[in-house]
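The primary structure of each chain is shown beneath.
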Amino acid sequence: MSDLEGRYRLLLRLYPGDYRRVRGEEILGTYLDMADLNRRWPSVADAADLLAGAVRERLRAAGASDLIPGVRLAAALAFVTATGLAGLWAGAEQITEHGDRSVPTFGPFVSIGIVVWVAWLLVAAVDAVAGVRWTRLAIVLALVLTAAVVPVADLVGVPRPRLFHLVPQATLGLLALALLAHRPRWQRIVTLPAALGVGLSISASLAGRGQFSYRWDDGGILLTYAGVALLAVAVLTAAVLSLRGDARGLWATLVLFIPIGLLSLGVLSALTSDLVGANYRALPVIAGTAVAVVLGSAGSLAAAVAACRRGTTRGPIGDPEAAPATSCPTCGR
(Lines give C-alpha, C1' and ligand atoms only; values in the text may rest on other atoms or scores of the structure.)
Protein backbone atom coordinates (compact mmCIF):
# COMPACT_ATOMS: atom_id res chain seq x y z
CA MET A 1 0.00 0.00 0.00
CA SER A 2 1.40 3.40 -1.01
CA ASP A 3 1.53 6.37 1.37
CA LEU A 4 -1.13 8.14 -0.71
CA GLU A 5 -3.50 5.15 -0.60
CA GLY A 6 -3.04 4.83 3.15
CA ARG A 7 -3.88 8.48 3.66
CA TYR A 8 -6.96 8.25 1.49
CA ARG A 9 -8.05 5.20 3.49
CA LEU A 10 -7.57 7.22 6.67
CA LEU A 11 -9.89 9.92 5.31
CA LEU A 12 -12.41 7.27 4.29
CA ARG A 13 -12.68 6.23 7.93
CA LEU A 14 -14.74 9.40 8.41
CA TYR A 15 -17.58 7.63 6.58
CA PRO A 16 -19.95 5.26 8.42
CA GLY A 17 -18.61 1.71 8.57
CA ASP A 18 -21.47 0.14 6.58
CA TYR A 19 -21.06 2.72 3.83
CA ARG A 20 -17.30 2.08 3.62
CA ARG A 21 -17.89 -1.64 3.19
CA VAL A 22 -20.28 -1.05 0.29
CA ARG A 23 -18.65 1.91 -1.48
CA GLY A 24 -15.22 2.38 0.08
CA GLU A 25 -13.08 0.59 -2.52
CA GLU A 26 -14.93 2.28 -5.38
CA ILE A 27 -14.38 5.75 -3.89
CA LEU A 28 -10.73 4.98 -3.12
CA GLY A 29 -10.08 3.77 -6.66
CA THR A 30 -11.64 6.90 -8.15
CA TYR A 31 -9.43 9.25 -6.12
CA LEU A 32 -6.28 7.21 -6.79
CA ASP A 33 -7.00 7.18 -10.55
CA MET A 34 -7.32 10.98 -10.57
CA ALA A 35 -4.23 11.64 -8.42
CA ASP A 36 -0.84 12.56 -9.89
CA LEU A 37 1.69 9.73 -9.95
CA ASN A 38 4.14 11.55 -7.69
CA ARG A 39 1.60 12.79 -5.15
CA ARG A 40 2.08 11.56 -1.60
CA TRP A 41 -0.70 13.47 0.15
CA PRO A 42 -4.35 13.97 -0.82
CA SER A 43 -5.03 17.45 -2.17
CA VAL A 44 -6.90 19.95 -0.04
CA ALA A 45 -9.82 19.77 -2.47
CA ASP A 46 -9.96 15.96 -2.23
CA ALA A 47 -9.79 16.06 1.58
CA ALA A 48 -12.58 18.66 1.72
CA ASP A 49 -14.69 16.62 -0.72
CA LEU A 50 -14.27 13.46 1.35
CA LEU A 51 -15.09 15.33 4.55
CA ALA A 52 -18.24 16.82 3.00
CA GLY A 53 -19.26 13.40 1.71
CA ALA A 54 -18.72 11.82 5.11
CA VAL A 55 -20.90 14.46 6.77
CA ARG A 56 -23.64 13.90 4.19
CA GLU A 57 -23.62 10.14 4.70
CA ARG A 58 -23.62 10.37 8.48
CA LEU A 59 -26.56 12.77 8.34
CA ARG A 60 -28.35 10.48 5.90
CA ALA A 61 -27.76 7.56 8.26
CA ALA A 62 -29.31 9.64 11.05
CA GLY A 63 -32.35 10.48 8.91
CA ALA A 64 -31.31 14.13 8.70
CA SER A 65 -30.32 14.34 5.03
CA ASP A 66 -32.13 17.69 4.68
CA LEU A 67 -29.79 19.35 7.18
CA ILE A 68 -27.16 20.39 4.62
CA PRO A 69 -29.76 21.92 2.24
CA GLY A 70 -31.17 23.60 5.34
CA VAL A 71 -27.75 25.08 6.12
CA ARG A 72 -27.61 26.45 2.56
CA LEU A 73 -30.99 28.09 3.04
CA ALA A 74 -29.93 29.50 6.41
CA ALA A 75 -26.77 30.86 4.79
CA ALA A 76 -28.81 32.79 2.22
CA LEU A 77 -30.99 34.34 4.94
CA ALA A 78 -27.93 35.14 7.05
CA PHE A 79 -26.23 36.81 4.09
CA VAL A 80 -29.19 39.10 3.42
CA THR A 81 -29.41 39.97 7.13
CA ALA A 82 -25.69 40.74 7.36
CA THR A 83 -25.92 43.02 4.32
CA GLY A 84 -28.93 44.85 5.73
CA LEU A 85 -27.22 45.40 9.08
CA ALA A 86 -24.10 46.66 7.31
CA GLY A 87 -26.27 49.21 5.50
CA LEU A 88 -27.91 50.23 8.77
CA TRP A 89 -24.63 50.73 10.62
CA ALA A 90 -22.95 52.41 7.63
CA GLY A 91 -25.74 54.98 7.69
CA ALA A 92 -25.41 55.36 11.45
CA GLU A 93 -21.65 55.96 11.11
CA GLN A 94 -22.41 59.29 9.44
CA ILE A 95 -24.33 60.59 12.48
CA THR A 96 -21.68 62.44 14.51
CA GLU A 97 -21.90 64.98 17.29
CA HIS A 98 -20.31 67.87 15.40
CA GLY A 99 -21.21 70.34 18.12
CA ASP A 100 -19.02 68.64 20.72
CA ARG A 101 -15.33 68.78 19.80
CA SER A 102 -14.40 66.69 22.84
CA VAL A 103 -16.04 63.62 21.30
CA PRO A 104 -13.47 61.64 19.25
CA THR A 105 -14.39 60.56 15.73
CA PHE A 106 -12.83 58.68 12.86
CA GLY A 107 -12.60 61.48 10.32
CA PRO A 108 -16.13 62.37 9.25
CA PHE A 109 -17.50 59.13 10.72
CA VAL A 110 -18.46 58.02 14.20
CA SER A 111 -15.89 55.22 14.38
CA ILE A 112 -13.49 53.03 12.48
CA GLY A 113 -16.42 50.67 12.09
CA ILE A 114 -17.21 52.35 8.77
CA VAL A 115 -14.37 50.26 7.29
CA VAL A 116 -16.06 47.06 8.49
CA TRP A 117 -19.53 47.97 7.24
CA VAL A 118 -18.29 49.07 3.83
CA ALA A 119 -16.40 45.78 3.57
CA TRP A 120 -19.62 43.83 4.15
CA LEU A 121 -21.45 45.92 1.57
CA LEU A 122 -18.65 45.20 -0.90
CA VAL A 123 -19.19 41.47 -0.26
CA ALA A 124 -22.73 41.84 -1.57
CA ALA A 125 -21.39 43.78 -4.58
CA VAL A 126 -18.91 40.99 -5.32
CA ASP A 127 -21.69 38.42 -5.00
CA ALA A 128 -23.77 40.29 -7.57
CA VAL A 129 -21.07 40.27 -10.27
CA ALA A 130 -18.81 37.30 -9.51
CA GLY A 131 -19.05 33.63 -8.64
CA VAL A 132 -19.49 32.10 -5.22
CA ARG A 133 -15.74 31.44 -4.89
CA TRP A 134 -15.02 35.17 -5.02
CA THR A 135 -17.96 35.84 -2.70
CA ARG A 136 -16.56 33.46 -0.09
CA LEU A 137 -13.13 35.06 -0.40
CA ALA A 138 -14.71 38.48 0.14
CA ILE A 139 -16.60 37.14 3.17
CA VAL A 140 -13.36 35.82 4.67
CA LEU A 141 -11.69 39.22 4.20
CA ALA A 142 -14.69 40.97 5.78
CA LEU A 143 -14.51 38.54 8.71
CA VAL A 144 -10.82 39.32 9.18
CA LEU A 145 -11.59 43.05 9.23
CA THR A 146 -14.44 42.50 11.69
CA ALA A 147 -12.14 40.63 14.07
CA ALA A 148 -9.19 42.99 13.58
CA VAL A 149 -11.11 46.22 14.19
CA VAL A 150 -11.16 45.66 17.97
CA PRO A 151 -7.38 45.39 18.61
CA VAL A 152 -6.56 47.93 15.89
CA ALA A 153 -8.94 50.54 17.29
CA ASP A 154 -7.66 50.02 20.82
CA LEU A 155 -4.07 50.18 19.60
CA VAL A 156 -4.36 53.45 17.68
CA GLY A 157 -6.88 55.00 20.05
CA VAL A 158 -9.88 55.54 17.76
CA PRO A 159 -13.54 54.73 18.53
CA ARG A 160 -14.94 51.42 17.27
CA PRO A 161 -18.29 49.63 17.19
CA ARG A 162 -19.22 47.68 20.27
CA LEU A 163 -19.07 43.92 20.50
CA PHE A 164 -22.88 43.86 20.41
CA HIS A 165 -22.57 45.01 16.77
CA LEU A 166 -19.54 42.98 15.75
CA VAL A 167 -20.28 39.52 17.22
CA PRO A 168 -23.62 38.91 15.45
CA GLN A 169 -22.21 40.35 12.20
CA ALA A 170 -19.32 37.90 12.30
CA THR A 171 -21.65 35.00 13.11
CA LEU A 172 -23.93 35.83 10.20
CA GLY A 173 -20.86 36.07 7.97
CA LEU A 174 -19.53 32.70 9.05
CA LEU A 175 -22.86 31.09 8.22
CA ALA A 176 -22.94 32.91 4.87
CA LEU A 177 -19.81 30.97 3.84
CA ALA A 178 -22.18 28.05 3.16
CA LEU A 179 -23.95 29.93 0.36
CA LEU A 180 -25.15 27.72 -2.47
CA ALA A 181 -22.89 28.01 -5.51
CA HIS A 182 -25.68 28.12 -8.09
CA ARG A 183 -28.21 30.72 -7.05
CA PRO A 184 -30.45 32.63 -9.45
CA ARG A 185 -28.69 35.75 -10.70
CA TRP A 186 -31.63 37.98 -9.80
CA GLN A 187 -31.26 36.96 -6.15
CA ARG A 188 -27.60 37.93 -6.17
CA ILE A 189 -28.27 41.26 -7.87
CA VAL A 190 -31.19 42.34 -5.68
CA THR A 191 -29.51 41.61 -2.31
CA LEU A 192 -27.32 44.72 -2.15
CA PRO A 193 -29.78 47.44 -3.21
CA ALA A 194 -32.65 45.95 -1.18
CA ALA A 195 -30.69 45.42 2.03
CA LEU A 196 -28.79 48.69 1.68
CA GLY A 197 -31.97 50.61 1.03
CA VAL A 198 -33.73 49.17 4.07
CA GLY A 199 -30.72 49.68 6.35
CA LEU A 200 -30.04 53.28 5.32
CA SER A 201 -33.73 54.16 5.48
CA ILE A 202 -34.01 52.88 9.05
CA SER A 203 -30.89 54.68 10.26
CA ALA A 204 -31.94 57.95 8.57
CA SER A 205 -35.46 57.70 9.97
CA LEU A 206 -34.30 57.11 13.54
CA ALA A 207 -31.65 59.81 13.36
CA GLY A 208 -34.18 62.33 12.04
CA ARG A 209 -36.42 61.74 15.04
CA GLY A 210 -33.53 61.89 17.49
CA GLN A 211 -34.24 58.38 18.77
CA PHE A 212 -30.97 56.68 17.92
CA SER A 213 -27.35 57.24 18.84
CA TYR A 214 -24.96 54.76 17.29
CA ARG A 215 -22.12 55.89 19.54
CA TRP A 216 -23.82 55.85 22.93
CA ASP A 217 -26.42 53.16 22.36
CA ASP A 218 -25.39 49.53 21.83
CA GLY A 219 -28.11 49.11 19.23
CA GLY A 220 -29.45 46.23 21.28
CA ILE A 221 -33.12 46.83 20.60
CA LEU A 222 -32.56 47.25 16.86
CA LEU A 223 -30.52 44.06 16.71
CA THR A 224 -33.21 42.26 18.70
CA TYR A 225 -35.81 43.44 16.20
CA ALA A 226 -33.56 42.17 13.41
CA GLY A 227 -33.35 38.79 15.15
CA VAL A 228 -37.12 38.61 15.53
CA ALA A 229 -37.56 39.50 11.84
CA LEU A 230 -35.03 36.83 10.82
CA LEU A 231 -36.81 34.25 12.98
CA ALA A 232 -40.20 35.20 11.49
CA VAL A 233 -38.89 34.83 7.93
CA ALA A 234 -37.27 31.48 8.77
CA VAL A 235 -40.44 30.12 10.40
CA LEU A 236 -42.61 31.32 7.51
CA THR A 237 -40.24 29.75 5.00
CA ALA A 238 -40.25 26.51 6.98
CA ALA A 239 -44.06 26.47 7.04
CA VAL A 240 -44.34 27.00 3.29
CA LEU A 241 -41.71 24.35 2.49
CA SER A 242 -43.27 21.88 4.93
CA LEU A 243 -46.51 22.00 2.97
CA ARG A 244 -44.51 20.47 0.10
CA GLY A 245 -42.91 17.85 2.33
CA ASP A 246 -39.61 19.73 2.35
CA ALA A 247 -37.81 19.87 5.72
CA ARG A 248 -35.11 22.36 4.69
CA GLY A 249 -36.90 25.25 6.37
CA LEU A 250 -37.11 23.42 9.70
CA TRP A 251 -33.40 22.72 9.69
CA ALA A 252 -32.62 26.26 8.54
CA THR A 253 -34.58 27.64 11.50
CA LEU A 254 -32.63 25.45 13.93
CA VAL A 255 -29.31 26.49 12.37
CA LEU A 256 -30.29 30.17 12.59
CA PHE A 257 -30.91 29.93 16.35
CA ILE A 258 -27.25 30.82 16.95
CA PRO A 259 -27.16 34.11 14.98
CA ILE A 260 -30.70 34.98 16.13
CA GLY A 261 -29.61 34.54 19.74
CA LEU A 262 -26.47 36.61 19.21
CA LEU A 263 -28.50 39.38 17.59
CA SER A 264 -30.12 39.69 21.03
CA LEU A 265 -26.73 39.58 22.77
CA GLY A 266 -27.18 43.05 24.29
CA VAL A 267 -30.54 42.22 25.81
CA LEU A 268 -29.42 38.77 26.99
CA SER A 269 -26.22 40.23 28.49
CA ALA A 270 -28.34 42.70 30.44
CA LEU A 271 -30.37 39.80 31.84
CA THR A 272 -27.17 37.93 32.68
CA SER A 273 -25.71 40.99 34.41
CA ASP A 274 -28.76 41.14 36.68
CA LEU A 275 -28.09 37.56 37.74
CA VAL A 276 -24.36 37.95 38.39
CA GLY A 277 -24.37 41.56 39.57
CA ALA A 278 -21.94 42.86 36.93
CA ASN A 279 -21.98 45.48 34.19
CA TYR A 280 -23.67 44.06 31.09
CA ARG A 281 -20.97 45.65 28.92
CA ALA A 282 -18.18 43.81 30.76
CA LEU A 283 -16.32 41.37 28.50
CA PRO A 284 -16.80 38.33 30.79
CA VAL A 285 -20.57 38.92 30.82
CA ILE A 286 -20.72 39.31 27.03
CA ALA A 287 -18.48 36.27 26.45
CA GLY A 288 -20.36 34.09 28.92
CA THR A 289 -23.72 35.03 27.41
CA ALA A 290 -22.47 34.38 23.88
CA VAL A 291 -21.11 30.97 24.85
CA ALA A 292 -24.42 30.07 26.50
CA VAL A 293 -26.32 31.10 23.35
CA VAL A 294 -24.03 29.04 21.10
CA LEU A 295 -24.12 25.95 23.32
CA GLY A 296 -27.88 26.12 23.79
CA SER A 297 -28.55 26.55 20.08
CA ALA A 298 -26.08 23.85 19.08
CA GLY A 299 -27.66 21.55 21.65
CA SER A 300 -31.11 22.04 20.14
CA LEU A 301 -29.74 21.16 16.70
CA ALA A 302 -27.97 18.07 18.05
CA ALA A 303 -31.15 17.02 19.83
CA ALA A 304 -33.11 17.30 16.56
CA VAL A 305 -30.56 15.11 14.77
CA ALA A 306 -30.70 12.59 17.62
CA ALA A 307 -34.50 12.58 17.44
CA CYS A 308 -34.31 11.79 13.73
CA ARG A 309 -31.91 8.93 14.42
CA ARG A 310 -34.26 7.44 17.01
CA GLY A 311 -37.27 7.86 14.73
CA THR A 312 -35.68 6.37 11.62
CA THR A 313 -34.91 2.75 10.77
CA ARG A 314 -32.83 2.11 7.67
CA GLY A 315 -31.30 -0.76 5.84
CA PRO A 316 -27.55 -1.06 5.24
CA ILE A 317 -25.93 2.28 4.48
CA GLY A 318 -25.07 2.55 0.81
CA ASP A 319 -27.91 0.26 -0.25
CA PRO A 320 -30.00 2.23 -2.77
CA GLU A 321 -33.04 0.12 -1.93
CA ALA A 322 -32.88 1.03 1.75
CA ALA A 323 -35.68 3.32 2.88
CA PRO A 324 -36.87 4.68 6.20
CA ALA A 325 -39.47 2.50 7.84
CA THR A 326 -40.84 5.25 10.03
CA SER A 327 -41.16 8.98 9.77
CA CYS A 328 -39.21 11.27 12.08
CA PRO A 329 -41.45 13.81 13.83
CA THR A 330 -38.72 16.47 13.57
CA CYS A 331 -37.67 16.32 9.93
CA GLY A 332 -40.49 14.29 8.39
CA ARG A 333 -38.13 11.78 6.79
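Just so it is clear, the structure is predicted and the values come from calculations on it, not from any experiment.

Moving on, we come to the side chain of Thr-289. Residue position: Thr-289 is located in helix α12 (residues 283–311). Exposure remark for Thr-289: the relative accessible area of 5% places this residue in the buried category. Side-chain polar atoms of Thr-289 contact the backbone oxygen of Val-285, separated by 2.7 Å. For Thr-289, the residues in contact, after removing those within four places along its chain, are Leu-265, Leu-268, Ser-269 and Thr-272.

It is worth spelling out the pattern of salt bridges at this point. One pass over the structure, following the stated rule, counts 4 salt bridges. Residue Glu-25 pairs with Arg-9 through a salt bridge whose shortest N-O separation is 3.0 Å. Of the two residues, Glu-25 sits in helix α2 (residues 17–34) while Arg-9 sits in helix α1 (residues 3–12), which places them 16 residues apart along the sequence. With relative accessibility at 53%, the residue Glu-25 sits in the exposed group. Here Glu-26 ties to Arg-23 by a salt bridge, and the two come within 3.0 Å at their closest N and O atoms.

The next subject is the nonpolar core. Judged by nonpolar contacts, the single largest core of 56 residues is most densely connected at Leu-85, Trp-89, Trp-117, Trp-120, Trp-251 and Leu-256. With 14 residues, helix α4 (residues 67–92) is the largest single contributor of residues to this core. Residues within four places of Trp-120 in sequence aside, it is in contact with Ala-86, Ile-139, Ala-142, Leu-143, Thr-146, Gln-169 and Gly-173. The next biggest cluster of nonpolar side chains, apart from the first, holds 11 residues, and it includes Leu-12, Leu-28, Tyr-31 and Ala-54.

Before going further, it helps to spend a moment on the confidence of the model for the chain. Per-residue confidence for the chain gives a mean pLDDT of 80; residues scoring 70 or more make up 84%. Counting interchain partners and residues more than four positions distant, the pLDDT-below-50 stretch residues 314–333 has 46 contacts.

This next bit is on the packing of aromatic side chains. For any pair of aromatic rings, the description consists of the separation of the ring centres together with the inter-plane angle of the planes. Within the structure shown, the criterion is met by 2 aromatic pairs. Centre to centre, the rings of Tyr-15 and Tyr-19 are 5.4 Å apart; their planes meet at 10°, and the pair counts as stacked. Accessibility assignment for this pair places Tyr-15 and Tyr-19 in one class, buried. The ring of Trp-41 is capped by Arg-7, whose NZ or CZ atom sits 3.6 Å from the centre of that ring.

Helix length check: α4 (26 residues) gives 37 Å between terminal C-alpha atoms against 38 Å at 1.5 Å per residue, within 8%. Among the 26 residues in α4, 20 count as buried, and that is most of the element.

The next point concerns the packing of helix α6 (residues 132–156) against helix α7 (residues 163–176). Following both chains from N to C, one finds α6 and α7 inclined at 160°, their axes separated by 10 Å at the closest point. Taken together, the axes of α6 and α7 lie roughly antiparallel to each other. You can see that α6 and α7 cross each other, and the crossing is left-handed. Two secondary-structure elements touch here, α6 through Ile-139, Leu-143, Thr-146, Val-149 and Val-150 and α7 through Leu-163, Leu-166, Ala-170, Gly-173, Leu-174 and Ala-176. The residue makeup of the contact of α6 with α7, split by class, is 9 nonpolar, 2 polar and no charged.

Attention now moves to the side chain of Asp-127. In this fold, Asp-127 is placed in helix α5 (residues 113–129). Apart from residues lying up to four places away in sequence, Asp-127 is in contact with Phe-79, Thr-135, Arg-183 and Arg-188.

Compared with the 26 Å implied by 1.5 Å per residue over 18 residues, the 26 Å span of helix α3 (residues 44–61) between its first and last C-alpha is a close match. Buried-residue contacts for α3 involve α1, α2 and α4.

Parameters at a glance
- Residues take numbers from 1 onward in each chain, read along the sequence in its written order.
- Only residues with pLDDT of at least 70 get local features here, since the model is predicted, and only at 80 or more are side-chain atom pairs given and counted; chain-wide, interface and lining totals rely on the full set of residues.
- Note that the side-chain values use all heavy atoms of the structure and ignore hydrogens as well as water.
- Secondary structure elements follow DSSP: runs of H or I of four or more residues count as helices, runs of E of two or more count as strands, with numbering from the N terminus.
- Only protein chains enter the accessibility calculation, which uses a 1.4 Å probe; a residue is then buried when its area is under 20% of its type maximum, exposed when over 50%, and partly exposed in between.
- In protein, a polar contact requires one atom able to donate a hydrogen and another able to accept it; more generally it is a pair of N or O atoms within 3.5 Å, and residues adjacent in sequence count only if both atoms are side-chain atoms.
- Any pair of residues with heavy atoms lying within 4.5 Å of one another is described as a contacting pair.
- Within this document, salt bridges are pairs made up of a side-chain nitrogen of Lys or Arg and a carboxyl oxygen of Asp or Glu, the two lying within 4 Å of each other.
- For the purposes of this section, nonpolar cores are sets of buried Ala, Val, Leu, Ile, Met, Phe, Trp, Tyr and Cys residues that join through side-chain atoms within 4.5 Å.
- Note: pLDDT gives the predictor's confidence per residue, expressed from 0 to 100.
- A pair of aromatic rings is counted whenever rings of Phe, Tyr or Trp (Trp by its six-membered ring) have centres within 6.5 Å, and the orientation is called stacked for planes under 30 degrees apart, edge-to-face for over 60 and tilted otherwise.
- We call a charge positioned over a ring when the NZ of a Lys or the CZ of an Arg lies within 6 Å of the ring centre and within 35 degrees of the ring normal.
- Residue count minus one, scaled by 1.5 Å, sets the expected span of a helix.
- Axis definition: a line fitted to C-alpha atoms, limited for helices to the stretch in contact. Angles are taken between N-to-C directions and run from 0 to 180 degrees.
- Oblique is the label for every angle not falling under 35 degrees (roughly parallel), over 145 degrees (roughly antiparallel), or within 65 to 115 degrees (roughly perpendicular).
- Left-handed describes a crossing in which the near helix is turned anticlockwise from the far one by less than a right angle; the clockwise case is right-handed.
- Note that Gly is not counted as nonpolar here; it falls among the polar residues with everything else outside the nonpolar set of Ala, Val, Leu, Ile, Met, Phe, Trp, Tyr, Cys and Pro and the charged set of Asp, Glu, Lys and Arg.

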